[in-house]
Each structure stands twice: as C-alpha cells, then as structure tokens.
Amino acid sequence: EVGDCTFNGEAAFPFTLFFDGDVKADYEKVFQCFSRLRSSSAVLKDIWSHLVKEGKKEHGSSRREDLLLLMEMQHFVQKIESSIVIKKEILVREFETKVRRGGNICDIQGMHKDFVRLLLDLCWLLPKHVALANLLHTALQTCEQVRDLLAGEDEDALEMDLERAHQRFRNARVALNINF
C-alpha cells in the first residue's frame with residue numbers, strides 16, 4: 001500500500017526518554033500520512049502527463065471530463081497537503097520554542113507527548129477523526145484507482161469505472177469540505 005514507512009534502528013540514550021515504542025508508532029503514522037499525500041500527488045502528476053500525451057491524439061468530451069476530474073483531484077490533494085504542511089511547521093516552531101525555554105526532563109517529555117498528539121490530530125489520526133480519516137483515505141485511494149483504470153485496455157469498462165471513481169471521489173471531497 002502506498003504510504004507505508006517505518007523507522008529502522010533504535011534511539012540512543014538520552015533520546016530513548018522521548019522515543020518509546022508508542023511514540024515511534026505515532027511518528028510512523030504521521031509519516032505514513034505525509035507519504036500517502038506525496039504519493040497521491042505524484043500519481044496525479046503521472047496521470048496528468050498520460051492524459052495530456054493521449055489528449056493530443058484524442059479530443060473527445062470524455063477526455064476533457066477526465067482532465068477536469070484530474071484537476072479537481074490535484075487541487076484537493078494540494079489543498080490538504082499544503083494545509084497539513086503549513087500547520088505542521090507552526091507546530092514544530094512552537095515545540096522548539098517551548099523546548100528552548102527549558103525545564104526539567106519531565107516537562108520536556110510532556111511537551112514532546114503534546115507535540116506528537118498535535119501531529120496526530122493534524123493528520124486526522126486520533127479516534128475522534130475516524131470518519132474524516134476514512135473520507136480522506138477514500139479520496140486518495142480513488143486517485144490511485146483512476147491511475148489503474150487508465151492503464152487498462154477496455155475503453156467501455158474504463159468510462160463506466162471512471163464515472164464511478166469520479167462520483168466516489170466527489171462524495172468524499174464534498175463530505176470533507178463540510179467538515180473543514
């Protein structure tokens with residue numbers, strides 16, 4: 001599955017005070033989220049390249065609809081990705097500022113746990129965000145599905161499947177926009 005990433009290796013002391021197994025698992029979830037967004041963006045760029053090359057040969061209305069769907073998907077992924085990245089940078093700066101102020105080891109551990117929790121919240125990885133995370137997963141999975149459909153050979157099945165994928169993506173996007 002797109003977006004899988006793991007941390008390899010062990011943290012050395014004193015970092016083990018901040019990176020226990022739970023924190024490591026939480027960071028893996030956050031990096032998987034970032035990786036999935038980046039991968040979806042790359043998939044959409046590949047589709048765009050494919051459709052533009054193909055569009056020079058074929059000027060049907062269905063290709064224009066495919067390009068419009070692709071533009072809608074790219075806008076959606078870029079909007080989500082840029083929002084998360086900007087907010088993540090703010091969280092990092094705030095965390096760094098708090099750590100520079102100092103404190104004892106327990107204070108810094110608490111700050112780090114709060115920081116990790118805010119990252120999970122930002123990426124919709126907390127239990128309270130299950131519905132949003134599922135909608136985002138559906139939208140990103142549909143982007144990947146479109147790539148696979150376009151690689152197929154059966155034009156009639158392609159049009160029907162693309163229409164279903166388009167509707168599935170739009171349903172997820174609309175539902176997510178309600179929650180923004």
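Residues numbered from 1 in each chain as written. Predicted model: local features only at pLDDT ≥ 70, side-chain atom pairs only at ≥ 80, totals over all residues. Heavy atoms only, no water.

Caption draft 1: Expanded view of the environment of Asn-104. In this structure, Asn-104 sits in the loop between α2 (61-101) and α3 (105-122). A polar atom in the side chain of Asn-104 sits 3.0 Å from the backbone nitrogen of Cys-106. From its side chain, Asn-104 meets the backbone nitrogen of Asp-107 in a polar contact 2.8 Å long. (Helix = DSSP H or I, 4+ residues; strand = E, 2+ residues; numbered from the N terminus. Polar contact = N/O pair within 3.5 Å; in protein donor to acceptor, adjacent residues only side chain to side chain.)

Caption draft 2: Expanded view of the pattern of salt bridges. Within the structure shown, the criterion is met by 7 salt bridges. Across the pair Asp-26 and Lys-29 runs a salt bridge, and its minimum N-O distance is 3.9 Å. Taken together, the residues span about one helical turn, with Asp-26 and Lys-29 both in helix α1 (residues 21-55) at a distance of 3 residues. With relative accessibility at 39%, the residue Lys-29 sits in the partly exposed group. Note that Arg-100 and Glu-96 form a salt bridge whose closest N and O atoms lie 3.8 Å from each other. (Salt bridge = Lys/Arg side-chain N within 4 Å of Asp/Glu carboxyl O. Buried < 20%, exposed > 50% of the residue type's maximum accessible area, 1.4 Å probe, protein only.)

Caption draft 3: Fine view of α3. Taking 1.5 Å as the rise per residue, α3 with 18 residues should run 26 Å; its terminal C-alpha atoms sit 25 Å apart, in good agreement. By the burial criterion, the buried members of α3 are Ile-108, Met-111, His-112, Phe-115, Val-116, Leu-119, Leu-120 and Leu-122. Two to three positions downstream of the cap, the backbone nitrogen of Cys-106 sits 3.0 Å from a side-chain oxygen, assigning the N-cap of α3 to Asn-104. Directly beyond the C-terminal end of α3, a positive phi value near 60° is found at Trp-124. (Expected span 1.5 Å × (residues − 1).)

Caption draft 4: Spatial organisation of empty space enclosed by the protein. Tallying each qualifying case throughout the model produces 1 cavity of 30 Å³ or more. There is about 40 Å³ of room inside the largest cavity. Lining the largest cavity, in full, are Ser-41, Leu-44, Lys-45, Gln-74, Val-77 and Gln-78. Looking at the lining of the largest cavity, the elements that each hand over two or more residues are α1 and α2. Here the residues of the lining of the largest cavity sort into 2 nonpolar, 3 polar and 1 charged. (1 Å grid on protein atoms, 1.4 Å probe; cavity = no way out; pocket = protein on both sides within 12 Å on 5 of 7 lines; lining within 4 Å. Points joined across faces, edges and corners; volume = space filled by probe spheres on them. Nonpolar A, V, L, I, M, F, W, Y, C, P; charged D, E, K, R; others polar.)

Caption draft 5: Spotlight on the confidence of the model for the protein chain. Here the protein chain averages 80 in pLDDT, and 79% of its residues register 70 or above. When mean pLDDT is compared element by element in the protein chain, α3 scores highest at 92, while helix α5 (residues 155-178) scores lowest at 76. (pLDDT = per-residue confidence, 0-100.)

Caption draft 6: Up close: the side chain of Thr-142. Tracing the backbone through its elements, the reader meets Thr-142 in helix α4 (residues 130-150). Here Thr-138 takes part through its backbone oxygen, which lies 2.7 Å from a polar atom of the side chain of Thr-142. Other than its neighbours up to four places away in sequence, Thr-142 contacts Met-73, Ala-165, Arg-168 and Phe-169. (Contact = heavy atoms within 4.5 Å.)

Caption draft 7: Spotlight on the packing of aromatic side chains. Taken as a whole and assessed by the stated rule, the structure comprises 3 aromatic pairs. Summarising the aromatic geometry, the rings of Phe-76 and Phe-169 are spaced 5.4 Å apart at their centres and angled 90° between planes, so their arrangement reads as edge-to-face. With Phe-76 in helix α2 and Phe-169 in helix α5, the pair connects residues that are 93 residues apart, well separated along the chain. Side by side, Phe-76 and Phe-169 carry an identical accessibility label, which is buried. A centroid spacing of 4.6 Å and a plane angle of 15° characterise the contact between Phe-95 and Phe-115, whose relative ring orientation is stacked. (Phe/Tyr/Trp six-rings, centres within 6.5 Å; stacked < 30°, edge-to-face > 60°.)

Caption draft 8: Layout of the state of the cysteines. The tally for this structure, following the rule as stated, stands at 0 disulfides. Unpaired in this structure, Cys-123 has its nearest cysteine sulfur neighbour in Cys-33, at a distance of 3.7 Å. Given a relative accessible area of 3%, Cys-123 falls into the buried group. (Disulfide = S-S within 2.5 Å.)

Caption draft 9: Seen up close, α4. Here α4 spans 30 Å end to end across 21 residues, near enough to the 30 Å set by a 1.5 Å rise per residue. The set of residues buried in α4 consists of Leu-132, Leu-136, Ala-139, Leu-140, Thr-142, Cys-143, Glu-144, Val-146, Leu-149 and Leu-150.

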